[in-house]
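Residue strings, one per chain:
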Amino acid sequence: MRAGPKILAIESSCDETACAVVEGLQVRASVVASQVAIHAAYGGVVPELASRHHLTAAVPVLRAALVQAGLQLHELDALAVTEGPGLVGALLVGVQMAQGLALATGLPLHGIHHMEGHLLSPFLGDHATAARDFVPHLALSVSGGHSELVLVEGLARYQVLGSTRDDAAGEAFDKVAKLLGLGYPGGPVIDRLAREGDPQAIAFPRAMLDRQRFEFSFSGLKTAVAVHLQQHGQPSSRAALADLCASFQAAVVDVLVMKARLARRKFGCVAMTIVGGVSANHGLREAMAAAARQDGFELWTPELRYCGDNAAMIAAAAALRVQAGLAPGVRVFASGAIDEVRR
Ligand code: KG4
Ligand code: ZN
């Protein structure tokens, strides 16, 4: 995309306080203050603590983003903020700050659905990568709170083909890591260990459900890991731990890739994306790249720095909305489902 509107976005839906500035789909600044170390001690995100830390991080993160972009507030064209879904107390910090900025500057404020940001993250460009023109595609959206296959027919035209019936993919990683005493968040550490292990060491179940539908279920797999640990005890060596991680990860990846391939064939999409925190997973990226070569489709994944929560993806969504002539405004979602997002 050529130069577009200059937009500053704030993201505070969970445990990252983030601020970014884009020009169209080109990232000029992206600052993320992660609270992972704070929540790790509790084995998961503590909402009250998240809100408090957003409050202290918000202004310094905003200042840092403006300095990195080399811009002042009056040089921007619009503001954006994650309006949901997420932790209410955490979202409030970002939304209130953005509304205050909008009031003070007179700039329009675009509320952005968090998952819409993730959906657009593979299209971002920055100092190291070129932006990609937005085209209709199929998205596998996998994070700590979501696992769904979304037909992205256009901007703000999202059709959910299927989602998880129970745990999200990232949640399964986090819960299994907890069972193994590997700390929070579980995805990155399981991913690292899995690279050393044998994915065929333990035959964990693959819940394919109905093959004509695109729903997922991961709670049975988590239970299978718990039962395995009850029967065999905790892995006694790093090699045994790596085998267990590799076997668990392979079960998650197999299901995600299988369902995504079925959906792509059924809907005839020429391109697919993987987005959300779990899109950083090496096993998933490699398996989907192999599927893309075999089935002949384009695969676009976000750069690793835009897989987890960040504000660049929120700013990019707003930039596309501005270019499409959509009106600003912050909304309240009833369910938080991505198909509630309208033009
Ligand atoms: O998108 P995200 O940062 O936050 C949400 O919107 O939920 O996703 C966080 C999730 C966590 O469950 C984390 O364990 C998972 O993404 N994750 C990974 C990896 N990196 C983060 N899962 C598997 N492999 C990874 N490398
Ligand atoms: Zn996210």
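Residues numbered from 1 in each chain as written. Chains lettered and ligands numbered in written order. Predicted model: local features only at pLDDT ≥ 70, side-chain atom pairs only at ≥ 80, totals over all residues. Heavy atoms only, no water.

Draft legend 1. Local environment of the overall build of the protein. In terms of helices and strands, the protein carries 10 helices and 10 strands. The proportion of buried residues among the 343 residues of the protein is 54%. Accessible surface computed for the protein: about 14,100 Å², of which carbon and sulfur atoms make up 54%. (Helix = DSSP H or I, 4+ residues; strand = E, 2+ residues; numbered from the N terminus. Buried < 20%, exposed > 50% of the residue type's maximum accessible area, 1.4 Å probe, protein only. Areas by Shrake-Rupley, 256 points an atom, 1.4 Å probe, with all protein chains shown as cover.)

Draft legend 2. Focus on the packing of aromatic side chains. According to the stated counting rule, one finds 5 aromatic pairs in the structure shown. Aromatic side chains F123 and W300 sit 5.8 Å apart centroid to centroid with 75° between the ring planes, which places their arrangement in the edge-to-face category. Of the two residues, F123 is situated in the loop between α4 (114-120) and β6 (137-142) and W300 in strand β10 (residues 298-300); the sequence distance between them amounts to 177 residues. On the basis of relative accessible area, W300 is assigned to the buried category, the value being 12%. One aromatic cluster in this structure is built from F123, F134 and W300. (Phe/Tyr/Trp six-rings, centres within 6.5 Å; stacked < 30°, edge-to-face > 60°.)

Draft legend 3. Highlighting the site of ligand 1. Close contacts around ligand 1 come from 20 residues, with G144, D174, D191, G277 and N281 the closest. Within the backbone of G145, an N or O atom sits 3.5 Å from an oxygen atom of ligand 1. At a separation of 3.2 Å, an oxygen atom of ligand 1 approaches a polar side-chain atom of D309. Contact with the protein chains removes 85% of the 550 Å² of surface that ligand 1 exposes when unbound. Counting residues per element, the ones that place at least two in the shell around ligand 1 are α4, α5 (169-179) and α6 (186-194). Element by element, the count of residues in the shell around ligand 1 is highest for α6, at 4 residues. When its residues are assigned to classes, the shell around ligand 1 shows 5 nonpolar, 12 polar and 3 charged. (Near = heavy atom within 4 Å. Polar contact = N/O pair within 3.5 Å; in protein donor to acceptor, adjacent residues only side chain to side chain. Nonpolar A, V, L, I, M, F, W, Y, C, P; charged D, E, K, R; others polar.)

Draft legend 4. Molecular detail of α5. What α5 keeps buried is the set A169, G170, A172, F173, V176 and A177. Looking down the long axis of α5, one finds its buried residues gathered within 160° of arc, a one-sided arrangement. On the buried face of α5, the contacting elements are β6, β7 (147-154), α6, α7 (219-232) and α8 (238-267). Directly beyond the C-terminal end of α5, a positive phi value near 65° is found at G181. (Arc of directions from axis to C-beta. Contact = heavy atoms within 4.5 Å.)

Draft legend 5. Expanded view of the coordination of the zinc ion (ligand 2). Protein coordination at the zinc ion (ligand 2) comes from H114 (NE2), H118 (NE2) and D309 (OD), with a distance range of 2.0 to 2.1 Å. Each donor residue of the zinc ion (ligand 2) lies on the same chain, and together they follow the pattern H-x3-H-x190-D. Taken as a pair, H114 and H118 lie in helix α4 at a separation of 4 residues, close to a single helical turn. Of the residues examined, H114 reaches a relative accessible area of 7% and is grouped as buried. (Donors = N, O, S within 2.8 Å, 3.2 Å for Na, K, Ca; no water.)

Draft legend 6. Seen up close, α8. The first and last C-alpha atoms of α8 sit 43 Å apart over 30 residues, in line with the 44 Å expected at 1.5 Å per residue. Phi for G268, located one or two positions after α8, is positive at around 60°. (Expected span 1.5 Å × (residues − 1).)

Draft legend 7. Inspection of the side chain of H110 at higher detail. Considering the arrangement of structural elements, one finds H110 in strand β5 (residues 109-113). Beyond its immediate chain neighbours, meaning those up to four positions away, H110 contacts A78, L79, A80, V81, A318, R321, V322, L326, A327, P328 and G329.

Draft legend 8. Spatial organisation of the sheet that holds strand β4 (residues 78-84). One open sheet holds the 5 strands; their spatial order is β3-β2-β1-β4-β5, and the pairing between them is mixed. Strands with a single pairing partner mark the edges of an open sheet, and in this sheet they are β3 (26-34) and β5. Here the strands of the sheet are splayed against their neighbours by 20° on average, with no regard to which way each runs. Taken together, the 5 bridges between β4 and β5 define a ladder with parallel strand orientation. Counted as the bridge partner of G84 is H113 from β5. The sheet contacts of helix α3 (residues 88-105) involve β1 (6-11), β4 and β5, and relative to β4 the element is tilted by about 155°. Where helix α10 (residues 312-323) meets the sheet, its contacts fall on β1, β2 (16-23), β3, β4 and β5, and the angle it forms with β1 comes to roughly 135°. (Pairing = 2+ DSSP bridges. Axes fitted to C-alpha atoms, helices over the stretch in contact; angles between N-to-C directions.)

Draft legend 9. Highlighting the packing of α8 against helix α9 (residues 282-295). Where α8 contacts α9, the two axes come as close as 10 Å, and the packing angle between them is 35°. Relative to α9, the crossing made by α8 is right-handed. The residues of α9 that touch α8, namely those facing Q249, V253, L256, V257, A260, R261, R264 and R265, are G283, L284, A287, M288, A291, Q294 and D295. Looking at side-chain class alone, the contact of α8 with α9 contains 8 nonpolar, 3 polar and 4 charged residues. (Left-handed = near helix turned anticlockwise from the far one by under 90°.)

Draft legend 10. Looking closely at the environment of G197. Within the element layout of this structure, G197 appears in the loop between α6 and α7. Contact partners of G197, with chain neighbours within four places excluded, come to A242, D243 and A246.

Draft legend 11. Highlighting the sheet that holds β6. Taken in spatial order, the 5 strands of this open sheet run β8-β7-β6-β9-β10, and their pairing is mixed. Looking at the sheet topology across the chains shown, the edges are occupied by β8 (157-163) and β10. Taken over all neighbouring pairs, the strand axes of this sheet differ in orientation by 25° on average, direction set aside. Bridge count for strand β9 (residues 271-275) against β10 is 3 bridges, and the pairing is parallel. Note that in β10 the partner of A271 across the bridge is E298.

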